[in-house]
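# Inside the fold
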Amino acid sequence: MMRWLICLQSSILQIQLNNRNMESIYRLLKAVLIEFFKTNYPESIPADFIFQSTNKEHQGHITLMVFPLAKLVKKSPDDLANALGIYLISSDLIVGQQVINGFLNLQLSPKAFQLLIQDNSDLKIESKDLKKIVLEYCGPNTNKPIHIGHLRNMFLGYAVAAILKEIGHDVHKVNIFNDRGIAICKSMVGYLEYGNQTTPESEGIKGDFFVGKFYVLFSTECSRQAQPFIAQGMKKEEAEAQTAIFQKANDLLIKWENGDIEAIALWNLMNGWFYDGVRKTYARLGIDSEKDYYESQEYKKGKDIVELGYQSGVFHKDETGAIYIDLTDKGLDKKFLQRSNGTSLYITQDMALVKQRFDDYHMDKMIYVVGDEQNYHFKVLKYIMEAMQEPFSKDIYHLSYGLVLGKDGSKFKSREGTPADADMILDAVVEEAKSQTFESGKAEQFSEKELKEIAESVGIGAVKFALLKVTATKNIVFDPKEAVDLNGDTGSFIQYTYVRTKSLLSRWEGELNSQMAAELAAEEEDLIIHLSSFKSCLLRCAEALDPAELALFTLNLAKIYNRFYTQLSVLKEENIEKRNFRVYLTNLTNQALSKSLTILGVTLPEKM
RNA sequence: GACUUGGUAGCUCAGCUGGAUAGAGCAACUGCCUUCUAAGCAGUAGGUCACAGGUUCGAAUCCUGUCCAGGUCACCA
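What counts and what doesn't
Residues numbered from 1 in each chain as written. Chains lettered and ligands numbered in written order. Predicted model: local features only at pLDDT ≥ 70, side-chain atom pairs only at ≥ 80, totals over all residues. Heavy atoms only, no water. Buried < 20%, exposed > 50% of the residue type's maximum accessible area, 1.4 Å probe, protein only. Helix = DSSP H or I, 4+ residues; strand = E, 2+ residues; numbered from the N terminus. Pairing = 2+ DSSP bridges. Right-handed = clockwise from strand over helix to strand, strands pointing away. Phe/Tyr/Trp six-rings, centres within 6.5 Å; stacked < 30°, edge-to-face > 60°. Lys NZ or Arg CZ within 6 Å of the ring centre and 35° of its normal.

### A closer look at the pairing of strand E5 (residues 132-137)
Remark: a regular strand shows side chains that alternate across the two faces of the sheet. Counting buried residues in E5 gives 5 out of 6 residues, a clear majority hidden from the surface. Pairing analysis gives 6 bridges linking E5 to strand E6 (residues 170-177), with the strands arranged parallel. Paired with Tyr137 across the strands is Asn175, a residue of E6. For the crossover from E5 across helix H6 (residues 148-167) to E6, the handedness is right-handed. Where E5 lies against strand E11 (residues 365-371), 4 bridges are found, and the strand directions are parallel. Residue pairing in the sheet places Val134 in a bridge with Met366 of E11.

Take a look at the structure:
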C-alpha cells in the first residue's frame, strides 16, 4: 500500500500541508513566517505551520494555530499571536488579523484572492513520474445478470481510472468475464430442462435476464430436490450436491471441460445471450473496457504455472496429489492451487491471468477493483507471485471496497433472484426521475426525447453518485427508495446546478475576463476559496484511489454556487466590473462541475 | 478462535497528520417563486462521537483494554 502511494505522489505536492485549501497562499505565508522567526527567534525555527480555515463564527478566512509555535519559543500563545499578526499584516497577502484564545485569524487581501484565481484559472494538473496502469473492473459471471455490487465496482473502477488519467497516467481498463464453471452449467441445465427452444427474442427478454431466469429455475428445483436430504439432517450445500439436477450440472461441466461439442455449443449460445444483454447495460452506464479477458481462455494456462512451480520446488504435493503452497511463514495457511484430481481452482486462473496481463501490457501497476471479501485471495496471489520470483509481484494492487447492504443492514441477495439486479434498480430510479420532472411542472418545456434523456441522465447519475460519495472501503447501506429521492446530497442536485450555470452562460455574450472586482462579497470569496482546492482534491483522490472526496468536493461546490446564485445578481448586476467577474466565476464553476461529474461518470444534462 | 474493517443526530454519511461551541443531507417544523431554472435558498429542532482508562495546553481523531457489527480464514467462485 505505502509503496504504491509513494509512487503516485505527485511532484506538485512536495510540501505536505495541513489543510486542503489554498496551498499556494500557505506556501507564501510560510515564507513570511519563517522570516519572522529568523529575525526574532533564530534559535527555534518551526519546521511547519498549521493552518486551517477560519470558523464561521469568527472574522477572517484562514487561521494559524499558534499553540505549537508558542511552545517552541516559550511565550504565551496570545502574545506570540499578536506579534505574528502584526508582522503578517505588513505582507500584502493579509489585510486584517484578530487573536482569539491562541488562534490567529487572518483576513486575506484582494491580492491574495487574485493569486488564487490565477493559480486556478485552468483546472489542469501537470505531473511527473507518470505510470502505465492497467485496471481490471466489472468482472461479471455470465450465468445471471449483474447486481448492485457490480454497480459499485463499475462506478468505482471507472472513476478511479478517470482520476488517474486526469493526473496524467496512462490508464488501460480491462474486463474479465467469468464465463466458465459450475455456475453457467447450472443455467445451461435450467435451459435444457425448461427452455423449450425459446430465445431472448422469442420471449422478449434481455439476454442476461433470460440466462439468469434459468439459473433461478435450476436453483429452485435444486432446493426442492434437496429437501428430503435436509430432513435427514444434512447441511444445505451438502444436500444440494446430492440432487439429481445438480449431478446433471456437474456432468455438463465435465463434458464441457472435455470439449464435448454439444455442451460447448450450448455454452456459446447462452453466453452469447448474456453478452448481448450485459453489453446493453454497459452502454447505458457508459462503462467501457479496452480489452476483455475470458476465464475460459486463461484457466488452463494456470496449470502450466502450477507445474512449473512444483518442478522448481516452490509448490508442494500432499499425499492425495493436490498441489499447494505453504504460506505459514507469512502468517497464513497452506493454500491449495490444484485439486487432487488435477483440475484447477479459482486462484489457478488468476495466476495465469496476472502473468498474461503483464505480458500484454508491460505496465507499472496492475490494479484489481474487487470487493473486500476477496482481500485474502489477492494477498495470497501476491505472495504466490513473489514466491515464483515474478518481478511484477510488487506491482499487484488490490483496490478493495465494501459491500452494498440492504436497508436492514443485511447483504443484498441475488442468488435466488431477488430484486438486487442492476437493471431493475436503474429502471426504477429513471422512472422516478421522470415523474419528478412532471411534478416540477417543467415537463411541458421538453420534447418526448428530451424527457427521456433527462430522466436517464438524472436517474443513473443519482445511483452513481449515491454509491461514489461513500468512502470506498466502507460498506454502504443502499436503500433504492432513497436513491430515488432526488433532493439533497445527490447527483441530481449537482446536475441541476450545472444546468443553472450553463443556462446563465448561454445568455452571456461578452468576453470572459478574470479581472477581479474591487470588492468581493462573502459568497464570491467562498467560491474562490473552494475552487482553489480542486487540484489538490484530485491528487488526494489519486493517492487514495478513492473518488469519494471528489464527490463531496463537487457537492460542496454546487452548494456554494447555489448560495452565490441566490444571494447575488450576475447578469442583472449593474456594476460592470462585478458583473463580468461573476460571469467569470460562473464559468469557472461550470468547468469544475463539468470536469468532476465527467470523472465520476455522471452525465451532464443539457436542460432539466 | 485468528486476522481484518467498521461503531459519530431517528436514518444515510463527512470530519484529512490531534485544534475554537462535532458538520451535511434525509425525515419533522417555519419562511421565500410577477425578478438570471424553487430538482433551489434561508431558518428551527435534533449529539454522553459504543464504553473505560491513558498520552497533553488541547482527543471523535493517537495508545491500551472491553463490548457490538460486517468480512475473511475451502481441493467454492
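### Comments concerning unusual backbone geometry
Its identity as a non-glycine residue notwithstanding, Gln197 has a phi of 65 degrees, on the positive side. Tracing the backbone through its elements, the reader meets Gln197 in the loop between helix H7 (182-194) and helix H8 (200-203). The backbone of Gln389 sits at a positive phi, close to 60 degrees, despite the residue not being glycine. Take Gln389: it is sitting in the loop between helix H15 (375-387) and strand E12 (396-401). Assessed through its relative accessible area of 69%, Gln389 is described here as exposed.

### Quick notes on the packing of aromatic side chains
A full pass over the atoms with the stated rule returns 25 aromatic pairs. Summarising the aromatic geometry, the rings of Tyr275 and Tyr294 are spaced 5.7 Å apart at their centres and angled 80 degrees between planes, so their arrangement reads as edge-to-face. Of this pair, Tyr275 sits in helix H12 (residues 261-285) while Tyr294 sits in strand E7 (residues 291-294), and the two are 19 residues apart along the sequence. Given a relative accessible area of 17%, Tyr294 falls into the buried group. Feature note: the residues Phe36, Phe37, Tyr41, Phe49 and Tyr87 constitute an aromatic cluster, connected by ring pairs. Lys334 extends its terminal NZ or CZ atom over the ring of Tyr324, reaching a point 4.7 Å from the ring centre. The ring of Tyr158 has Lys464 lying over it, and the distance from NZ or CZ to the ring centre is 5.9 Å.

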